[in-house]
Amino acid sequence: MAGARPPTMRDVAAHAGVSISTVSRVVNAERYVDPATREKVEASVAALGFLRNESARTLRPGQRTATLALVVEDLTNPFSAELAHGVELVAAAAGYVMLLLSTGRDAGGERDRVREREIVAELLSRRVDGVLVVPGADDAEGLYAALAARAPVVFVDRLPRGVRGDVVLLDNAGGGRRLTQWLLERGHRRIGYVGGDQRSGPGARRLSGFRAALRAAGVAEHPELLRFGRRSSDEARSAVEELLALAEPPTALFCDNNRMTVGALLAVHRARADVVLAGFDAVELAEVLVDRVALVTYDPADVGRRAAGLLTARLAGETSAPRRITVPVDLAEFGA
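Not measured: the values here are computed from a predicted model.

## Comments concerning the sheet that holds strand 1 (residues 67-72)
- Strand order across the open sheet formed by six strands is 2-1-3-4-5-11, with parallel pairing between neighbours. The open sheet has two edge strands, strand 2 (97-102) and strand 11 (324-327), and neither has a second partner. Ignoring strand direction, the axes of neighbouring strands in this sheet form an average angle of 15 degrees.
- Where strand 5 (residues 166-170) and strand 11 come together, four bridges link them in parallel fashion. Paired with Val-168 across the two strands is Ile-325, which belongs to strand 11.

In structure tokens:
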């Protein structure tokens, strides 16, 4: 049909009932593909009229595409947009074009691992010069290890377990301590915690900072005031509503990312509760909704610039051991 988009590897994979990586191996004439599977993929290629990306395929070894890729989870999160801005500034100055891709979330609200696998397979087939990625917590399937074997990779916000590479991190533990100390200095002893996955790199370190500050002050942690595994601002709002309904509700809340803070702000505002909030990441107009709030802030664009700087250095021939950069954070107070 006129104007229809050409079929992609994803279309071929769906038609053949195989993974994108399998399609990539077949169309690039790689070994280790079962003959029956190869035949099925080739039949789907013919049926759909799929054409390989010859411009990438015909590149000589060592020849570059002048393309970098940035992989994030959520394009609607302000962190991702500002991070991309920082990366793009450095990439453009170094003569590279940036591709921006998003893994998104699955029906359960978790990081979409299927989409993540598809993206890595696409990047392997497109032969981008380098990749910056905000990854999942681990690399159980060897996704990023395989990618790093093909092109320089710089990780942002966390380093997957089982992978060696350059990484740019926030001072999550230090920020968690400062935020909790801010609450303790104002006399709070029943402090609630609203967070996402406490097993992930950033979440785990922010929680460790929270707990370290409590221990240093000799203040008990209250298990009944902890809420983990929240994936959206709506889930955070429901969690805070539960906490505010307790016979002894918290007098303050620690929120471990901006989605948690937004949900908590809405719950506290609607309940007109006398609760002080402390959260990670900047939140627009936070001071309008509550009288007292502290936020751990940093510049995501600076994180992007640092990560892109590491990557372009690798592409320019840097061969040192993997580097680890920790970006400092600040504490902003509103109405305190």
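## Considerations on the confidence of the model for the protein chain
- The predicted model of the protein chain has a mean per-residue pLDDT of 86, with 87% of residues at 70 or higher.
- Looking over the protein chain, one finds the lowest element-wise mean pLDDT in helix 4 (residues 54-57), namely 46, and the highest in strand 6 (residues 191-194), namely 98.
- Every residue in residues 54-61 scores below 50 in pLDDT, and together they form 12 contacts with partners more than four places removed in sequence or on other chains.

## Examining the side chain of Arg-227
- Along the chain, the position of Arg-227 falls in strand 7 (residues 226-227).
- Note on Arg-227: relative accessible area 14%, which makes it buried.
- At 3.1 Å, the side chain of Arg-227 forms a polar contact with the side chain of Glu-242.
- If sequence neighbours within four positions are ignored, Arg-227 has contacts with Tyr-193, Val-194, Gly-195, Ala-239, Glu-242 and Leu-243.

## Topic: the sheet that holds strand 10 (residues 293-297)
- An order of 7-6-8-9-10-12 is seen for the six strands of this open sheet, with the pairing classed as mixed. For this open sheet the edge positions go to strand 7 and strand 12 (330-334), each flanked by a neighbour on one side alone.
- Strand direction decides the pairing type here: strand 9 (residues 276-280) and strand 10, joined by four bridges, are parallel. Bridge assignment links Leu-277 to a residue of strand 10, and that residue is Val-293.
- Packed onto the sheet, helix 8 (residues 172-185) meets strand 6, strand 8 (252-255), strand 9, strand 10 and strand 12 and runs at close to 170 degrees relative to strand 9.
- Packed onto the sheet, helix 9 (residues 201-217) meets strand 6, strand 7, strand 8 and strand 9 and runs at close to 170 degrees relative to strand 6.

About the thresholds
- All residue numbers refer to positions counted from 1 along the written sequence of the respective chain.
- Thresholds applied to this predicted model are a pLDDT of at least 70 for local features of residues and 80 or more for the giving and counting of side-chain atom pairs; totals over whole chains, interfaces and linings are not thresholded and use all residues.
- Computation of side-chain values: all heavy atoms of the structure, hydrogens and water removed.
- Between any two strands, pairing holds if DSSP finds at least two bridges.
- Strands here mean DSSP runs of E at least two residues long; helices mean DSSP runs of H or I at least four residues long; both are numbered from the N terminus.
- Every angle, taken between N-to-C directions, lies between 0 and 180 degrees, and every axis is a line fitted to C-alpha atoms, over only the stretch in contact when it is a helix.
- Confidence of the prediction at every residue is given by pLDDT, a number between 0 and 100.
- Between two residues, a contact is recorded if the distance between any of their heavy atoms is within 4.5 Å.
- With a 1.4 Å probe rolled over the protein chains alone, any residue whose accessible area is under 20% of its type maximum counts as buried; one over 50% counts as exposed, and the rest are partly exposed.
- Whenever a nitrogen or oxygen atom comes within 3.5 Å of another N or O atom, the pair is scored as a polar contact, on the condition that within protein one atom can donate a hydrogen and the other can accept it, and that pairs from neighbouring residues in sequence are kept only if both atoms are in side chains.

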